[in-house]
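# Geometric and topological summary
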Amino acid sequence: MDLKQKEDSRKERIQKLKRGFAYNIFYRQGVTQKTASLNDYYLAVAHTLRDRMQHLFVNSVQALLEKDSKIVCYLSAEFLTGPHLHNNLVNLGLYEEFEQATRETGLNLKELIDLEEEPGLGNGGLGRLAACYLDSLASQQIPAIGYGIRYEYGMFDQEIADGWQKELSDCWLHPGNPWEIKKADMACDVGFGGHTEIYHGEHGNRRTRWIPARVITGVPYDTPIPGYKVNNVNVLRLWSAEAPTSFDFADFNTGDYYGAVKDKIMAETITKVLYPNDEQFQGKKLRLEQQFFFVSCSLQDMIRIHLHSNESLDDLYDDFAAQLNDTHPSVAVPELMRLLMDVHLYEWDKAWEITKKTLCYTNHTLLPEAMEKWQIELFEDLLPRHLEIIYEINNRFLDEVRIKFPGDADRLSRMSIIDESGPRYVRMANLACIGSKAINGVAAMHTDLLRRHTLADWNTMYPGKIRNVTNGVTPRRWIAVSNPRLTKLICDAIGEQWITRLDKLRDLEKLADDTSFRDAWYKVKKENKQDVANLILKKEHLQIDPEAMFDVQVKRIHEYKRQHLNVLHIITLYNRIKANPAIDVPPRLFVFGGKAAPGYFMAKRMIKLITSVAQIINNDPDIHGRIKIFFIPNYNVKIGHIVYPMTDLSEQISQAGMEASGTGNMKFSMNGALTIGTLDGANVEIREEVGAENFFLFGLNVDEVMSLQASGYSPMDYYNSNDELKQVIDLIASGHFSGGDQELFRPLVDSLLHEDKYTLFADYKDYINCQERVGQTYQDRDCWTRMSILNTARMGKFSSDRSIMDYSRKIWDVKAFPVELKWERLPKDGVLFTPPTNNKKEAQP
Ligand SMILES: *Cc1c(COP(=O)(O)O)cnc(C)c1O
C-alpha cells in the first residue's frame, strides 16, 4: 500500500468509527444525538470498540478449537481490572483513530475515558495482580480464562468526612457495563448443604452421591481481554448467582408469592458484595459460599470445554493448568475430586492424579490472621460431601507422612488438613499444598521464608515443590496508559519495543548522563506533578508547589504497612521546624491514600491520625508551606493512574517479613520514583536490580526483627532513649492534633508504647536518618534525576510479562499460541461474520 492508499483506508476507518458511534447512540442507547447524555456517548464509543474486539475474540476461540492448546485458568476471588476503555484502545492500537473519530464527532475522548466507573472487584494487591496477569497472558499470546465472581457491589467507595473514613456502596453496574456479555446458555448449577448417600453403581461398586439442600445457578458474564497489539483476545469469565430457572413454583400455587421471591433473593445474595477485608480472615459462611460457588462453576465450565473435543477427562491436565490465587479458591481440590468421582465416575486414584496435576497454588501471605481456616461445623453444614473427601485426602496424606517420618506426632498435627488443637478447623493452605502440583511464593524473599518457616514441613516432604515466581505489573496499564508523557519521552529516545520487552528499558541507562535527556525527564515529572497540584487546588483548595518533593504512600491501610511510621517522620520534621524556624527542610508534599477494612479499628484510627496531623500542619503559619499533607480519598486503580506517575519518593516501609511482595513498589519505580524501603518482599529484588546506590534502604532485616522479638522487644526502651521519638509520641498523646482530646489517639499510642507489634520504634531512628539523606539528595536535582532514570531503566524484571513466562515454564508448561486472523469481521452480505464450517454452538469456551 502506498501512502495515499494508507491515508484513504485510515479515513475510511475513521468514517466507520463515526458511523459506529451514531449507530450505537441510536439503536443501542435509543436516544438521538441531541438528547444523548455523556454516559450515552461513553457507552456508544465503548460498544463501538467492543464490536472490534468481539471479532478478535471469535477468531481466538475458533483458532483454539481447531488446534487445541493448553489453556491457563486463573481462579481468583478478585480481579481489580481498573477501567477498560483506555487500556483496550491502547492494546488494540486504536487510540489515535478513536481520538480523531470522537473529535470529529464533537466529543472529547479523554472526558469519556474519565467517565468510566472502574469495576472494584478486588481489595488491593492480590486482585490487581490477577488483572495484570490477564493482560500479560493475552499479550504473551497464552490462551487463558480468568475465572472469578461478578460482585454486584465491589469494593466500597471511600469518602473522608471530618477526617474519618466513610464507606459508601459501590454501584459500579448502575451506569451500565458495556464490556461484559451474559452467556445464559453456559450456566452451571451449584449445590449447597444437604446430605450424602451411598449407592451401588453399574458394576456394583460403591459410589457416593450428594443430595444438596438447595441449588443455585451460576451465570457467566464474559469480558474480553485483548493482548497488546496481537490478535489474541482472552476472556475474564465472572459468575453471577441466580435462582435456578426451574425453581420450585409450589409456593406460588399455595399463594406464597413472597416466599418464592425470597428464595430468589437469597440465591442472588451469594454474589451481591465483595468482602472488604484485605489480609484478614473473617470466617463468614457467605464467604465460603462465594468461594465454592465460583470454584464449582469454573471447574464445571473447564470440564464442559474439555469434553467438547475429548472423550474423557483422563488428560484434563494436558488441556488446563488451573492456578489458585491464594487459598480463596482452594475448595477446588475436593470439588474437582467430587466432580471426577461422583459425576464422572472415576475411581479415587485416577481422580487424585488428575486433580493434583491440574491445580497449582500461589501463597500470598505470611500474616497469621490472613490464613483461611473454616470451622468444621460450618464447613460440614455447607459442603458435607466435600468434608468427607477432605477427610479421605487427609487420611491418605497422613499415612504418607507417617511412612516418611515415623513417630513424628508434632509433624502430623502441623501438616494435617484438620486443625485439632482446639475447636476443629479445615486449614485451606494445607489442603491447597496437598492437592496441587506446585506451590509458589510471590517474591524471592517470601518464597525463602515459606521454605524456611511457614511451609518448612512441606519443603521437607516435597523438595522442589515450592517455587518462586516474583510478581510483576503490566507496563501497558502502568506506563503506557497512565503516563503518556513518559511513554512519549521513552519512545522518542529508544523506540517502542520496551512496551512488551521491558528489559529494553536498559537502553535508557546511557541517557542518564545526557543533560538534555535529564531535563526532559525532569520536565515530564514536573508536568505530571503540576496536573495533580491543579487538581488538589481545585478540589481541596490546597496550594501545592510542583517543585516540592512528592512523597507518597498509597496502599491498603494496615498496621504492618506502617503508615503511622511515615506520620512519625512528618511530626518529627514539624517539631524540628517549630523548634528552629530557620532550619533547612526542603519542601515536601506527603500524600497518603488507601482504604481501611470497615471493621479494622486501628486502621481507621490511622486514617484519622493522618488527616488530623494534616489539618494542623497544613494550617500552621510557622511551617511556611514547607510540609503539606494530603490524604487522597478512595484510592483505586483510577487514582493509581494519577499517583504513580507524579511521585518522587515511594514509601515501602512495611516491617521486614510482612509484605509478601508488594506491586505498588514496582509501579512507582517504573515511573521514575525513588524508593525508601525496608528489606521486604520485592523491595529486595528491586534494590538488587536498580542498584543499592539508587535505593534508600533502612530498618531491621527479617532475621533481626525475629531475633529482636524473640529476645523480648521493649518499645518503651526506644521511647525513653530517643528524645525526638519521645517528643513525637507525647505530642500525639497530648491532644495537639485532636483539639485537646487525649483519648482519640490513645489506642494507637498505647499499642505502640506497650506492644508495637510491627517494631516502628526499633526502625524509627534509622528511618528518620534515611529520610534526611533523601531530602539532601532531592536538593541535587541532577543527581536525583539521574537516579530516577536508572530506576526506570532497570525495572525490566518487574513486568508481569516476565512473571507469566516464569509461570509458563516453571509451573504451567504452556507455550504461546499466536492467533491468525481468519474470520472476516465486516459483513459483505449482511452476515456479521462468515460462519466457519465447524461452528458448533456449544463449542464456545
Ligand atoms: C498496585 C495496587 C495495590 C497494591 O499496592 P501495594 O503497595 O503493593 O500494597 C493496591 N491497590 C491498588 C488500586 C493498586 O493499583
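Residue positions are given per chain, counted from 1 along the sequence in the order it is written. Local features in this predicted model are restricted to residues of pLDDT 70 or higher, and side-chain atom pairs are both shown and tallied only at a pLDDT of 80 or more, whereas totals for entire chains, interfaces and linings draw on every residue. With hydrogens and water excluded, all non-hydrogen atoms of the structure serve as input to the side-chain values.

For the protein chain, an unreviewed UniProt entry supplies the name Alpha-1,4 glucan phosphorylase and the organism Desulfocapsa sulfexigens. On record in UniProt, under Cofactor (unreviewed entry), the comment for the protein chain is "pyridoxal 5'-phosphate". UniProt positions are given in the numbering used here, feature names are shortened, and annotations may be inferred rather than shown by experiment. Within the UniProt record for the protein chain, the comment given under Catalytic activity (unreviewed entry) is "[(1->4)-alpha-D-glucosyl](n) + phosphate = [(1->4)-alpha-D-glucosyl](n-1) + alpha-D-glucose 1-phosphate".

### Quick look at the overall build of the protein chain
In this text, helices come from DSSP runs of H or I with a minimum length of four residues, and strands from runs of E with a minimum of two, each type numbered from the N-terminal end. A count of helical and extended segments in the protein chain gives 33 helices and 23 strands. Every radius of gyration here is taken over C-alpha atoms, with the globule rule written as 2.2 Å times N^0.38, N being the number of residues. On C-alpha atoms alone, the protein chain measures out to a radius of gyration of 28 Å, which is about the 28 Å that the 2.2 N^0.38 rule sets for 845 residues. Dimensions of the protein chain, computed from C-alpha atoms along their principal axes, come out at roughly 90 × 80 × 60 Å. The burial tally for the protein chain puts 61% of its 845 residues in the buried class. Working rule for contacts: check all heavy atoms of both residues, and any pair within 4.5 Å makes them a contact. Taking all contacts inside the protein chain whose residues are at least 6 apart in sequence as the whole, residues at least 24 apart take part in 77%. Whether a residue is buried, partly exposed or exposed follows from its accessible area with a 1.4 Å probe, protein chains only, as a fraction of its type maximum: under 20%, in between, or over 50%, in that order.

### Things to note about the site of the ligand
If even one non-hydrogen atom of a residue comes within 4 Å of a molecule or strand, that residue is called near it. Looking at the ligand, there are 15 residues lining it, with Lys 555, Lys 561, Thr 663, Gly 664 and Lys 667 nearest. We call two N or O atoms a polar contact when they sit within 3.5 Å, provided that within protein one can donate a hydrogen and the other can accept it, with sequence-adjacent residues counted only if both atoms are side-chain atoms. Residue Lys 555 places a side-chain N or O atom 2.8 Å away from an oxygen atom belonging to the ligand. Between an oxygen atom of the ligand and a side-chain N or O atom of Lys 667, the distance comes to 2.6 Å. About the coverage of the ligand: the protein hides 96% of its 390 Å² of free accessible area. Counting residues per element, the ones that place at least two in the shell around the ligand are helix 6 (125-139), helix 24 (637-646) and helix 25 (664-670). Residues were grouped as follows: Ala, Val, Leu, Ile, Met, Phe, Trp, Tyr, Cys and Pro as nonpolar; Asp, Glu, Lys and Arg as charged; and all remaining residues, including Gly, as polar. Tallied by class, the residues present in the shell around the ligand amount to 5 nonpolar, 6 polar and 4 charged. Composition of the shell around the ligand by domain shows at least three residues from each of domain 2 (68-83 + 118-471 + 803-812) and domain 3 (544-798). What sets the accessible areas is the Shrake-Rupley method with a 1.4 Å probe; for residues, cover comes only from the shown protein chains. Just so you know, the domain bounds were taken from an automatic or database domain assignment.

### Some details on the nonpolar core
We define the nonpolar core as a collection of buried residues of types Ala, Val, Leu, Ile, Met, Phe, Trp, Tyr and Cys that are connected through side-chain atoms lying within 4.5 Å of one another. Core analysis: the biggest nonpolar cluster contains 217 residues, and Phe 293, Phe 379, Leu 568, Ile 629, Phe 761 and Trp 812 have the highest contact counts within it. A total of 13 residues in this core trace back to one element, the largest contributor, which is helix 2 (residues 38-66). Contacts of Trp 812, omitting those with residues within four sequence positions, involve Lys 70, Val 72, Leu 137, Ala 321, Gln 323, Cys 360, Lys 437, Ile 804 and Tyr 807.

### A look at the domain arrangement of the protein chain
Along its sequence, the protein chain is carved into domain 1 (1-67 + 84-117), domain 2 (68-83 + 118-471 + 803-812) and domain 3 (544-798). One C-alpha centre belongs to domain 2, the other to domain 3; they are set 36 Å apart. At the junction of the two partners, domain 2 supplies 38 residues and domain 3 supplies 41 residues. Note on terms: buried area is the combined drop in 1.4 Å-probe accessible area of two parts once they are placed together, counting the loss on both. Here domain 2 and domain 3 share an interface that buries about 3,100 Å² over both sides, 60% of which is from carbon and sulfur atoms.

### Regarding the sheet that holds strand 13 (residues 373-375)
Any two strands are treated as partners once DSSP identifies two or more bridges connecting them. As summarised here, the arrangement of the 3 strands in space is 13-15-14, forming an open sheet in which the pairing is antiparallel. Edge positions in the sheet fall to strand 13 and strand 14 (418-419), since each has one partner strand and no second. Bridge analysis of strand 13 against strand 15 (residues 425-427) gives 3 bridges, and the strand direction is antiparallel. Paired with Trp 374 across the strands is Val 426, a residue of strand 15.

### Overview of the side chain of His 386
In this structure, His 386 sits in helix 14 (residues 384-404). His 386 gets classed as buried once you look at its relative accessible area, which sits at 0%. In this view, His 386 contacts Trp 210, Phe 292, Pro 334, Glu 335, Arg 338 and Phe 379; residues no more than four positions away in its chain are not counted.

### Brief notes about the sheet that holds strand 20 (residues 627-632)
Each strand in a sheet pairs with its neighbour through backbone hydrogen bonds, running either in the same direction (parallel) or in the opposite one (antiparallel). The 6 strands lie next to each other as 20-19-18-21-22-23, forming an open sheet whose pairing is parallel. Every interior strand has two partners, whereas the edge strands, strand 20 and strand 23 (696-697), have only one. Across 6 bridges, the pairing between strand 18 (residues 549-554) and strand 19 (residues 588-593) is parallel. When the bridges of strand 19 are listed, Gln 553 appears paired with Phe 592. Sheet contacts for helix 23 (residues 601-618): strand 19 and strand 20; angle to strand 20, the most-contacted strand, approximately 145°. To define axes, lines are fitted to C-alpha atoms, for helices over the stretch in contact only, and angles between the resulting N-to-C directions are given on a 0 to 180 degree scale.

### Some words on the pairing of strand 8 (residues 206-211)
Pairing analysis gives 6 bridges linking strand 7 (residues 195-200) to strand 8, with the strands arranged antiparallel. Opposite His 200, over in strand 8, you have Arg 206 as the bridge partner. Between strand 7 and strand 8, which follow one another and run antiparallel, lie 5 residues, and Gly 204 among them has a positive phi close to 80°.

### Notes on the confidence of the model for the protein chain
Values of pLDDT, which run from 0 to 100, indicate the predictor's confidence residue by residue. Per-residue confidence for the protein chain averages 95 on the pLDDT scale, and 96% of its residues sit at or above 70. Counted against residues more than four places away or in other chains, residues 830-836, with its pLDDT under 50, gives 11 contacts. Note that pLDDT drops below 50 for residues 839-845; the model gives that stretch 14 contacts with residues more than four away or on any other chain.

### Things to note about helix 11 (residues 332-343)
Each α-helix turn comprises 3.6 residues. Residues three or four places apart therefore point the same way. The element helix 11 is largely enclosed, with a buried count of 11 among its 12 residues. Every buried residue belonging to helix 11 is among Ala 332, Val 333, Pro 334, Glu 335, Leu 336, Met 337, Arg 338, Leu 339, Leu 340, Met 341 and Asp 342, and all of these are buried. Following helix 11 by one or two positions, Leu 345 has its phi on the positive side, about 60°.

### A look at the state of the cysteines
Our working definition of a disulfide is a cysteine sulfur pair at a distance within 2.5 Å. For the coordinates displayed, the defined rule picks out 0 disulfides. This cysteine, Cys 132, is not joined by any disulfide, and Cys 491 carries the nearest cysteine sulfur, 19 Å off. Exposure remark for Cys 132: the relative accessible area of 1% places this residue in the buried category. Cys 783 carries a free sulfur, and the closest cysteine sulfur to it, the one in Cys 770, is 14 Å from it.

### Some words on the environment of Ser 711
Within the secondary structure, Ser 711 sits in the loop between helix 27 (702-710) and helix 28 (715-721). Take Ser 711: its relative accessible area is 59%, and that puts it in the exposed class. When the C-alpha atoms of Ser 711 and Val 58 are compared, they prove to be 62 Å apart, with 653 residues separating the residues in sequence.

### Structural notes on helix 23
The length a helix should cover is 1.5 Å for every residue beyond the first. Given a rise of 1.5 Å per residue, 18 residues ought to cover 26 Å, and the 26 Å separating the end C-alpha atoms of helix 23 matches this to within 8%. Of all 18 residues making up helix 23, 15 are buried, and the element is well covered by its neighbours.

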